[in-house]
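The residues making up each chain are set out below.
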2 protein chains.
Amino acid sequence: MNLILLLKEDFIAGHDRVRLSGRRHKHIRDILKSSVGDELCVGVEGSRIGRGRVLAIDNKTIEMNVTLEKNPPLPLPLTLILALPRPLVLRRVLIHSTVLGVKKIILLHTKRVQKSYWQSPALTEEKIREQFILGLEQAKDTVMPEIQFRKRFKPFVEDELPGMIKGIQAFVAHSEGDAAHPVKGARPVILVIGPEGGFIPYEIEKLKESGCRVVNFGERIMNLETAVVACISRLM
Amino acid sequence: MNLILLLKEDFIAGHDRVRLSGRRHKHIRDILKSSVGDELCVGVEGSRIGRGRVLAIDNKTIEMNVTLEKNPPLPLPLTLILALPRPLVLRRVLIHSTVLGVKKIILLHTKRVQKSYWQSPALTEEKIREQFILGLEQAKDTVMPEIQFRKRFKPFVEDELPGMIKGIQAFVAHSEGDAAHPVKGARPVILVIGPEGGFIPYEIEKLKESGCRVVNFGERIMNLETAVVACISRLM
């Protein structure tokens, strides 16, 4: 927790005073071992970053006076379209992506995604928000990513994706891609990553038709978690 | 397991026949559901990659006829020097690094590394080899990485690192680094990554003196696991 993320409901008595309990209180008391007068890095969800000066701390709550000073880091102009991974990997991938600054994630069904994954509690709004918060606290960011689900591959790729791609670049990371994975793009970009077993040929065809370029990342076949971070960071 | 990694002791009757049991047998039988006549991707530790044709499979063992056809992927010419992370993260980082093709890893003690980590069972040769094997099986590689431990920061950085750096580039990934993280280097490179809490100023000074350039990866502070993959993949 490099930044304490403050939510609207934390504020008491106007704009500059917060009261926290639960996980953040515990972290500040037990890990940071802060006491009255100490200053911590804070940020308001969706807003600015600054300092929180500890006014009072007891066994249950902490109160801070908040001064906001600067904007959060710029978002990464990258939309991540990801075949829904298994729940444990999803959790970690959501954190990695948030840490790297991704602000838009679309989870997609493909042939090799197990249908049962869509029933996982890891997909509840609350659980997803938990991972996003962990990522924001790590990266000293305040802007919550947005997530969408697309449970039908074909309508998404045929009807929706071409419109998203208009005017920007889109890449599918695929071990049999014909071009090397591009490096760097300050411009907005769409990155599509398949399931552990890979896209099936039909899916690759449809993605190409929608306007995506199929690229590879060398000979090695990466597990999903490594691939997500590796591909995003090369496009940063 | 995109490749079944074969060890010397698996070979029976000459150069082309192996008998496997345990984890690999279970994977081939239960996950791949292979039967007699099927061909699997195999590779011999430290050697070539090819196909294994199933000759016999029962409840305990599998026998294959092996044909080797090509060399493993080229190693990544990158030495990873990493402050020893906590055991759970170490496990995942060893897999990520192996998947990305790193062949030399040095685990280093720094001020903010908890001393108890050095006692972890995760550091036994057997446990480390397990992670390396998982990474090789994932990436379709056969060449085991080499790992070394350096429990004393100063002698390593003063006496050993300058010699390693001679003629090649070395980077320290550090949130306060003055240059942006470099992208791409086909040439050999050394990458130094600190502990979750970061290097202390003294350590950064010593690393600079040894010949390292201190670079950053943007405003965001990454957790160690994300940082390792992101930094390596930008240098690939």
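Fair warning: this is a prediction, and the values are worked out from it, not measured in the lab.

Colleague: Whenever I open this one, the packing of aromatic side chains confuses me. Can you help?
Modeller: Here the distance between the centres and the angle between the planes together describe a pair of aromatic rings. Residue and element names in this part refer to chain A. Taken as a whole, this structure holds two aromatic pairs over all chains when the rule is applied. Between the aromatic rings of Trp-118 and Phe-149, the centroid separation amounts to 6.3 Å while the plane-to-plane angle is 90°, which identifies the pairing as edge-to-face. Here Phe-149 lies in strand 8 (residues 146–150) and Trp-118 lies in the loop between strand 7 (102–108) and helix 3 (125–139), a separation of 31 residues in the sequence. Given a relative accessible area of 10%, Trp-118 falls into the buried group. Classification of Phe-149 as partly exposed rests on a relative accessible area of 32%.

Colleague: Looking at this structure, I do not really get the sheet that holds strand 3 (residues 39–44) of chain A. What am I missing?
Modeller: Sheet strands line up and pair through hydrogen bonds in the backbone, either parallel or antiparallel. All names here are of chain A. In spatial order, the strands read 1-3-4-5-2; together these five strands make up an open sheet with mixed pairing. Two strands close off the open sheet at either side, each with one partner strand: strand 1 (4–6) and strand 2 (17–21). Neighbour to neighbour, the strand axes of the sheet diverge by 45° on average, direction disregarded. Alignment of strand 1 against strand 3, held across three bridges, turns out to be parallel. Bridged to Ile-4 within strand 3 is Val-42.

Colleague: How do you make sense of the domain arrangement of chain A when you look at a structure like this?
Modeller: Interface size is often expressed as the accessible area that is lost when the parts come together. Residue and element names in this part refer to chain A. One can read the domain layout of chain A as domain 1 (4–70) and domain 2 (76–235). Domain 1 and domain 2 are separated by 33 Å when their C-alpha centres are compared. Each partner contributes residues to the interface: domain 1 has twelve residues there, and domain 2 has ten residues. Here domain 1 packs against domain 2, burying approximately 760 Å² in sum over the two surfaces, 58% of which is carbon and sulfur. Area buried by domain 1 at its contact with domain 2 is led by Leu-5, Arg-23 and Glu-45, which between them contribute 57% of it. Where domain 1 packs against domain 2, one counts two salt bridges. Here Arg-129 makes a salt bridge to Glu-45, at a shortest N to O gap of 3.0 Å. Sorting elements by how many residues they give to the side of domain 1 that touches domain 2 places strand 3 first, with three residues. Class assignment for the residues of the side of domain 1 that touches domain 2 results in five nonpolar, three polar and four charged.

What counts and how
- Residues numbered from 1 in each chain as written.
- Chains lettered and ligands numbered in written order.
- Predicted model: local features only at pLDDT ≥ 70, side-chain atom pairs only at ≥ 80, totals over all residues.
- Heavy atoms only, no water.
- Phe/Tyr/Trp six-rings, centres within 6.5 Å; stacked < 30°, edge-to-face > 60°.
- Helix = DSSP H or I, 4+ residues; strand = E, 2+ residues; numbered from the N terminus.
- Buried < 20%, exposed > 50% of the residue type's maximum accessible area, 1.4 Å probe, protein only.
- Pairing = 2+ DSSP bridges.
- Axes fitted to C-alpha atoms, helices over the stretch in contact; angles between N-to-C directions.
- Domains from an automatic or database assignment.
- Contact = heavy atoms within 4.5 Å.
- Buried area = accessible area lost by both parts, 1.4 Å probe.
- Salt bridge = Lys/Arg side-chain N within 4 Å of Asp/Glu carboxyl O.
- Nonpolar A, V, L, I, M, F, W, Y, C, P; charged D, E, K, R; others polar.

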